[in-house]
Structures are given as structure tokens and as C-alpha cells.
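Chain by chain, the residues:
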Amino acid sequence: MLKSKTFLKKTRAGGVMKIVREHYLRDDIGCGASGCAACGGAHEGPVLELQPLDRASSLCPQPHYLLPDTNVLLHQIDVLEDPAIRNVIVLQTVLQEVRNRSAPVYKRIRDMTNNQEKHFYTFTNEHHRETYVEQVQGENSNDRNDRAIRVAAKWYNEHLKKMSAENQLQVIFITNDRKNKEKAIEEGIPAFTCEEYIKSLTANPELIDRLACLSEEGNEIESGKTIFSEHLPLSKLQQGIKSGTYLQGTFRASRENYLEATVWVHGDDEDNKEASIILQGLKNLNRAIHEDIVAVELLPRHQWVAPSSVVLQDEGQNEDDIEKEEERERILKTAVNEKMLKPTGRVVGIIKRNWRPYCGMLSKSDIKESRRHLFTPADKRIPRIRIETRQASTLEGRRIIVAVDGWPRNSRYPNGHFVKNLGEVGDKETETEVLLLEHDVPHQAFSQAVLSFLPKMPWSITEKDMKSREDLRHLCVCSVDPPGCTDIDDALHCRELENGNLEVGVHIADVSHFIRPGNALDQESARRGTTVYLCEKRIDMVPELLSSNLCSLRSNVDRLAFSCIWEMSHNAEILKTRFTKSVINSKASLTYAEAQMRIDSAAMNDNITTSLRGLNKLAKILKKRRIEKGALTLSSPEVRFHMDSETHDPIDLQAKELRETNSMVEEFMLLANISVAKKIHEEFSEHALLRKHPAPPPSNYEILVKAAKSKNLEIKTDTAKALADSLDRADSPVFPYLNTLLRILATRCMMQAVYFCSGMDNDFHHYGLASPIYTHFTSPIRRYADIIVHRLLAVAIGADCTYPELTDKHKLADLCKNLNFRHKMAQYAQRASVAFHTQLFFKSKGIVSEEAYILFVRKNAIVVLIPKYGLEGTVFFEEKDKPKPRLIYDDEIPSLKIEDTVFHVFDKVKVKIMLDSSNLQHQKIRMSLVEPQIPGISVSADASNMDINEPERKKKKLQK
Ligand SMILES: [Zn+2]
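Looking at an unreviewed UniProt entry, one finds the chain named Exosome complex exonuclease RRP44 and attributed to Rangifer tarandus platyrhynchus. UniProt lists a comment for the chain under the heading Sequence similarities (unreviewed entry), and it reads "Belongs to the RNR ribonuclease family." In UniProt, the chain has this text filed under Subcellular location (unreviewed entry): "Nucleus".

As C-alpha cells, this is what we get:
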């Protein structure tokens, strides 16, 4: 049966368009119950169990299926995900509404319907002849959908009755909407609220913990006094923003002070992004949570405040003790310099909540038998959350996940509910899970939908593949990587041509051959954006079959590649460049050390070795030329952990060795990236995906210049070339480590390199590499940017076809935004992983004393670097409840005088390092000064600012 719906739509130009949509109604849609005779022949496989005896409900003793409405799915998804909840009917009407309102919840429902054990069935009620309802006059679409849901629930109950009288299967409608529930009961449909139903499951009392506590924000004042002012409705906020009464911005809570936050006002353009408003005090923060989009009202000038420099952590137990908070707020406002006052405001409403599930720990209430407890998130910018649980004793001391449900006006803390128990604090797997969650690293196993787009095994190169590609299997190609590398995405060759010139090829895994635009595999890779390397774990961007097998350019197997081939003079001048899709057969997978040994060993003269020597010679010339142009060679103290192969505990740290062969590979990867960048920009001036590295503003260099000056050295920073040259000259015969320290400091002055779309920007320059244009082409297995670049290049040379999204610069700009975010988060996650392993290392090692150098001096502390461990930490000179030493800080010649001892940047000191486990949630490496001794004061230490370098990765993979 065909029904057509006609509706009118306003076009952008203001005209009216008539749209006719055809709507097919069918009689062959199954109810999904296994063994249902009436729908025996239905297409979709039955997924609801015939005898769902999994739950014993005191409200509904007979076997039953659940049919939740949209709001229950949206707000109670955590409890529905519990393994105890099975046999659930998800109506098409409901699914569509969820999809429009929350993409993450929609995805979670899809995951459940794909999970066979959950027995979730999607019923396409909108296409079923007996359950389709048309909107009637005077009925809004919300009411129409509510009616459609009830019609489907009623149909189900009647249908199941027909199936078998003795079976007595029922469908229970779950809704928290009071009116809808009443109507359903009137119509003879068994209906309960989510809470009623969950509480009736007497065999599963733990489920109650996972219920979201839903009191509508704003109108929930039953008890207690109001603390916060009301949030204005969205319409009022929009009006106010339009008229300039309110400002819209992103709420960023302070890490150090829970009573302070900054709102970054959304400007119309990039230049406006500096505008920020400071908020101080609970009432002005008005229940906004980090990352929410809020509307703020600016306070009159006489109420403006200055950012406080006080560290304040919320440690209260008595949750509604507001007087104390007010006292603390007064402390914040102690006399400050008039000049330091900043525009100050208060939150008047929330435009968009940006809550996510938070990791953290439970602080068990002191009140005996209390079920209400406070949860402390690991992220200090998130407020503590009140949850109700009966399992407090079990959950204490463990890492758990909690979701926020709402924040009533009379409550000091937001309300939330328990979601998941991750495991014990300090347990390696638990901590890894926490750091992945906290850095938003997608790390679930790849779904069946994604895996379904992988090639079927056994896989081999077909005739058709061969025909469209250049056969380069005869070339002596080899790869050079760190030991144990299984995802080899590049290989090289070099040979002499008949005309006496050299031919060099960079061959990159042809990942875009396997990942086709728009399918689930492509979407998931785009979402992940990058492979994440932790100390002992790799979270792949693409499934292992591709990353470690079909795409990995292993030796002695035929592999598809995308090749960049140059003809060069012996002086490394590029004479010709070409790109081709190819088939290669690598002759050897070498480690850096093996490649170096071959180059150095006079006895070896085979093809592989000759090729390597040729590459090495050219690379040296290329590097020299690049440095002459002003490319920076910066430094970070690179160390790697040696893991115990059995326990995976870190047993030692070692400084990373750099061989010539590391920079040999790096040099050719840079060259390939530059060549490809030029080519795709030539072909697609408006939508090439490029990578730039902005020059830092001069003020960034102040620290470096002043520090060098204190050692009588001059660092020039007008251009990258000037900086590179003055760093080269900055040497001290008595202090060989000085140059490395200067380069470490220089690294800290740099900006982040970012991906961008050429049509959306006009500054392409890569400062660090001194290249006018740059992109990423050489690591498509581990970076999604490279896959897009491969696709663009393939279209440019006619080796593949294009698709609409590839040439849409706005889509590309959105993609770049995600990739830049994922890369940043991957870096932070890596650092957190190193920090955790450093803690494990020092836990087993006890207290050690080591040589350190001062990197920065602060007003009350020094920041030191311990080269042996690549570890950085802060040594404080003030201790709680102890007499304060006399401190004199000089900003000009960066120095700190403590009593009679003066500390300068780069001074060598000796520090004691130990692990402080006094705070279970935040274990800390603490440092204290051993030498020089300062008479009369005891010094203590804190390395909470620990900022250590990344774990060992391929040199060439570093964020160039
Ligand atoms: Zn049926």
C-alpha cells in the first residue's frame, strides 16, 4: 500500500516548495518474537525471546517485553544498558526522535540492537499497516508520536495474545510522562514509570543505582532553601544575546580553584576570540559545568574581580553548608591591584549542556547507613556529584563512572547516578581505561558494521588491481623502523638510473584502497583520527587486519602502495617528481640499528645496503639544506621505559638513542609530504588538506631570551633562521648540556601545528620545518589526515574517482577540527600514560636522589628537569603550617633568592624523588631539594605540574 504525504517547506530564498514524500505501508513486518506463528515468514530475524524469564518483577509477574518511550531511552540509557535488562522493543518512532535529539544515545541504542545477548528489537511501526497513524487536525507532532507509540504498544499486546493463549506474553509500556501513562492505562496498556519498574525487580536491587534521578531543573524545590537563581529559558537568552544584554560563551572551570571559572565569549570572527569573562563564587557560576555553553551577564564595574592565585579545592563533607562557601568567596576578593580587575559576570542560563560520563572516586558519607554519597571526579574542573547507592562500601576506593542527571536550585551539588565500576585504583588496566575515557580516546573494539567492510580473507592482489597499477616489485625496496614495529606504513628505495642520475622512491601503504569513502569503516577511522600509543598499548585507528597485515609493508609479500618517485642529481636536487599507485615487494624490514650497521659495515655491498647508502648520502645533503633555510632542530629529553616482559612493570628508563638512519627516514618522509602538499594544492587550491605551524608571537620567546641572557648568550628570534643560528652558536665549553637545555626551552615557546583546509586560510607556512607548504601523506595507517591526502592525490593523478564530501571545504574544515582535537588528546593521553608509568617506576624504586637542572624559576618554587628520567617537577619552598622562608623573586634575570641562596635558570641542583601516595585519587611524584642545602629551612616538594615528554615513538612520527 502506498500513501503519499504532502507538505510545504520554506526555501532559503523565502519561497515555498511543495514536497511529496511517498510512504509505503507493509503487512510483512514481523513482531520480532521468536516462534511467533503469525509472523513466521517475516524478513527480520526474531530477536525477542519466546520465554523472557530473565526478570522477576513484583509488578508484572508474567513474562513480558518492555517498550520504552523516547524520554526513557534518552535519560535512562545507563540502566537499559545493564545486562539484566533484555527483551526490549524499540519503536521506529522512538528511534527517530532519539536520533534527532542525541547522536551519542542513538549510537548506544544501535550498539544494543546489534548485541545478540540484549534481545533488543527495532519495530518499524511507521511502515506497518496496523500501527501507522496519521496526524489529525489540532494534534502537534509530539502528541501524534505519543499516540503512535501507544497504538504500537496496544497492537503488540493483542498480537501476542493471538500467538498463544497459554504463553501470556505482555508488552509493558515504560514512560515517565504522567499524562501519557494515564492515557495508556485507560486504553488497556500496562504502563509504569521507569523507576516503578526498576524498583519492582526485586532480584536485581543494584539496578536502582543506575537510575538517573530526574527532577526537572528549575521546578524541583520541594525542600531546603534556594541557593541558586533560576536559569532563564532559551527564548529569553536568545533575545538577550541578540540585544547585547547577555553574552554567549564556553564555560571553562578553573583546575585550581573550584569557585572560579572563565567564559570564553564566542566572537563573530577569529580575532574576537580573546574576549573572556571571569566568574567567581558559587552563585555566579550558577550550576554551569565545565564545557557547557552558557549565557552570562556582565556585572557592573565596581563588582569586577581579579583572577585569584589561590589554590582552592572543594573538600567539604556537609554538602549544603553554604555559609562556609561564602566566607571562602570573601577571601578571594581580598584587596587586589585595580589594574588586575577583569570583566566579571554571572551565569544567567545554559544554552547547551556538554555533560559526559565522568571517572572518579566515591567519598563515602560519614552518616551511618546513608545512601547519598559524594563522588569526586578525577578532572578537577568538574564539581563533585551527589549519587545514591547501596553499594558504597564496595565502590569505595575504586575508580567508577558517574553520569550527571541535573542540578536543582536548592542543591549545593549536581545529582547523578552510578554507571560503571572500572576497578581498583592503581591497577594498570583500570588506570589505562580511566586515562582513555578522560581524554576522550575512542577505544572500544571495532563494531561488526565496521569489520564488515574489511576485505575477505584469504586476500590477494587481483588481476584488476595489477592492471591499474605500476608493478614495482622488482625494485629493491626496504623499510626502516623501531624494533617491534608491526604497522609499517613506509618503505624506500634508491637506485642509479642509466643517465647517471639517482631515483628515489617513498612507498606508502595504500590504505585508501581498503577504506572507501563514507562506509562504516571510513566513518569510524575518521572519528578516531589517529592511532594512540601508550606505554604498553596501542589503540589502532583502523582494524588490526589492515594496520598489522594487509596495509603493513612487510618484507617478502606483495603489497599495494602509493609511491612518490623522484629523479635526483647526486647533489639531491629534484629533477622530476611523479606519483603512482603501485605494487611493491619489500626486500627487508630493518630496524634503525640494523640499517645503520649495514651502512657502516665495509664488507657489505648487496643491493639493499647500496640502496641504504645512497639514501643516507642524499638525506644528509637534504638535511643540511633544510637547516640552512631555517628549519629548527629542537629537543625534548627523550627517554623510554624498559618493561619487564612478564609483569609489564617499568624496570628501567633509558635515554633514546638517535642514529643517522632515524634522520635518513625522516628526511625522505618530509620531502614526500612537501611534494604531495604542492601537488594537491596545485590541483585543488580550495580544498587541499594541509598542515601548518604558525610562528609564535614574540612574547612567547621572553623566557628563552632572558634565560640565555643570564648565561651571557644572545638568542635572536626575529626569524626561524635567526633562532636556529643563535641556538647553534649558544655553546659553553664548561657546560655541555646547556645547548640541549636551551633547545628544550625553545620547544616550549612553540605553537601547535594544525591541519587546515587551504580554502579557509591564507597562511600556509610551516615555521618549524621552514617550508612554505606542508601536509601529511606518509602515515595513513595511523593518521586519518593522510587518508584524505591520499584520496586527493589519487584524484589529482586520475587514479581514483572523487566524491562530494572530498571537495566540500566546510566539511573538510570540520574534519580538520576533529583531527586537531584527537591529535591533541592523543598527546595528552600519552603523557598521562608516561606519568602513570613513572609513578609505578618510582614506587618500586623507593626514594632516589638525582642531578637536575633548573628550567624555570617561579615566585615560590623552581621547576627542574632530571635528564636521567626525562622527568620534570616543581620544588616548592613553602609548606603548610611551617614558617615561611624569605623569598625574593627577580623576573628580569630570572632568579629566586631563598634566605641567602640564589637560584638561576639552568643551575644544577640535586633533588630527592619519591612517590607520595597520601592521596589515593591523585598519587604524586614529589621532589625536594638535596643540594644546595639551605640552612635553617626544611624544604618540601610537589611535582603536580609534572609535564614529561611522550613515550618513545618513531622519531619521524613526532608531530612535525
Ligand atoms: Zn508476531
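And the narrative resumes.
Peer 1: Explain the packing of aromatic side chains here, please?
Peer 2: Scanning all chains against the criterion turns up nine aromatic pairs. Between F841 and F842, the ring centres sit 5.2 Å apart and the planes meet at 80°, which makes this aromatic pair edge-to-face. As far as burial versus exposure is concerned, F841 and F842 are alike and both buried. In textbook terms, an aromatic cluster arises when at least three aromatic residues are bridged by ring pairs, as seen for F123, W155 and Y156. Across the ring face of F562, the terminal group of K581 is positioned such that the distance to the ring centre comes to 5.0 Å.

Peer 1: Any chance you could explain the sheet that holds strand β9 (residues 260–265) here in plain terms?
Peer 2: Consider a sheet: its strands pair through backbone hydrogen bonds, and that pairing is either parallel or antiparallel. The antiparallel open sheet is built from five strands, whose spatial order is β10-β9-β8-β11-β12. For this open sheet the edge positions go to β10 (276–280) and β12 (345–352), each flanked by a neighbour on one side alone. Averaged over all neighbouring strand pairs, the angle between strand axes comes to 40°, with direction disregarded. As defined by bridge partners, β9 adjoins β10 across five bridges and the pair is classed as antiparallel. Bridged to W264 within β10 is S276.

Peer 1: Which parts of the structure should I look at to understand the confidence of the model for the chain?
Peer 2: For any part of a model where pLDDT is low, the fine detail of the predicted coordinates should not be relied upon. Summing up the model confidence of the chain, the mean pLDDT is 85 and the portion of residues at 70 or higher is 85%. Considering only residues more than four positions removed or in separate chains, one finds that residues 216–221, a stretch of pLDDT under 50, has twelve contacts. Low pLDDT, under 50, characterises residues 939–960; the stretch is placed with 99 contacts to residues that sit more than four places away or in other chains.

Peer 1: Got a minute to help me understand the side chain of D907 in this structure?
Peer 2: As for its position among the elements, D907 is in the loop between β36 (901–904) and β37 (908–916). Those residues in contact with D907 that lie beyond four places of it in its chain are K711, A852, Y853, I854 and V902.

Calculation notes
Residues numbered from 1 in each chain as written. Predicted model: local features only at pLDDT ≥ 70, side-chain atom pairs only at ≥ 80, totals over all residues. Heavy atoms only, no water. UniProt positions renumbered as here; feature names shortened; annotations may be inferred. Phe/Tyr/Trp six-rings, centres within 6.5 Å; stacked < 30°, edge-to-face > 60°. Buried < 20%, exposed > 50% of the residue type's maximum accessible area, 1.4 Å probe, protein only. Lys NZ or Arg CZ within 6 Å of the ring centre and 35° of its normal. Pairing = 2+ DSSP bridges. Helix = DSSP H or I, 4+ residues; strand = E, 2+ residues; numbered from the N terminus. Axes fitted to C-alpha atoms, helices over the stretch in contact; angles between N-to-C directions. pLDDT = per-residue confidence, 0-100. Contact = heavy atoms within 4.5 Å.

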